[in-house]
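Structural characterization, general
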Amino acid sequence: MKLELKDILKKIEPFIERLKQYKVILFVVGLSLTFGYLILQISSYAQQEPTDDAVAEKLTTVQRPKIDESAINKIEQLKDQNIEVQSLFDQARDNPFSE
């Protein structure tokens, strides 16, 4: 049995003609499948959380800010000395989102 390209094309031609009738539907189905796949991939990437090792590695590289003890004492002294400032501190503690 010898297969030639002409013979194969003649056998496939009725199938191709039938597919041409449904080309719009096939295009929409293909596009929908592509978008569905992309949405699933994006949602899976959005839900991934870093491993504990990755978090620990990043935490070791972060430099924590250091506050000078004398600056803290000075702010506390100024707060205690000024009545208006003290009322502002108390008011800010009670409602931190007010302006």
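Residues numbered from 1 in each chain as written. Predicted model: local features only at pLDDT ≥ 70, side-chain atom pairs only at ≥ 80, totals over all residues. Heavy atoms only, no water.

1. A short note on the overall build of the protein
Short version of the rule: Under the DSSP-based scheme used, a helix requires at least four consecutive residues in state H or I and a strand at least two consecutive residues in state E, with every element numbered from the N terminus. For the exposure calls, accessible area comes from a 1.4 Å probe over protein chains only, and a residue counts as buried if that area is under 20% of its type's maximum, exposed if over 50%, partly exposed in between. Note on areas: Shrake-Rupley with a 1.4 Å probe; residue coverage comes only from the protein chains shown.
Each helix and strand counted, the protein has five helices and zero strands in total. Along its sequence from the N terminus, the protein presents helices and strands in the succession α-α-α-α-α. When burial is assessed residue by residue, the protein has 1% of its 99 residues classed as buried. For the protein, the computed accessible surface area is about 10200 Å², with 60% contributed by carbon and sulfur atoms.

2. Concerning the confidence of the model for the protein
Note the cut-off: Values of pLDDT, the confidence the predictor places in each residue, fall between 0 and 100.
For the protein, per-residue confidence averages 84 on the pLDDT scale, and 90% of positions sit at 70 or higher. No element of the protein has a lower mean pLDDT than helix H5 (residues 83-94), which averages 67, and none a higher one than helix H2 (residues 23-47), which averages 96.

3. Looking at a nonpolar patch on the surface
Our working rule: Two joining distances apply to patches: 9 Å for like charges and 5 Å for nonpolar side chains (Val, Leu, Ile, Met, Phe, Trp, Tyr), and every residue must have over 30% relative accessible area and no salt bridge. By salt bridge we mean one thing: a side-chain nitrogen of Lys or Arg within 4 Å of a carboxyl oxygen of Asp or Glu.
On the surface, Leu3, Ile8, Ile12, Phe15, Ile16, Leu19, Tyr22, Ile25, Leu26, Val29 and Leu33 cluster together into a nonpolar patch covering about 1000 Å² of accessible area. Elements supplying a minimum of two residues to the nonpolar patch: helix H1 (5-21) and H2. A total of five residues in the nonpolar patch trace back to one element, the largest contributor, which is H1. As for its position among the elements, valine 29 is in helix H2. Under the relative-accessibility criterion, valine 29 is labelled partly exposed at 43%.

4. Considering the pattern of salt bridges
Considering all chains together, one arrives at one salt bridge under this definition. With a shortest N-O distance of 3.8 Å, lysine 20 and glutamate 17 are connected by a salt bridge. You can see lysine 20 and its partner glutamate 17 sitting in helix H1, three residues apart, about one turn around the helix. Here lysine 20 falls in the partly exposed class, since its relative accessible area comes to 49%.

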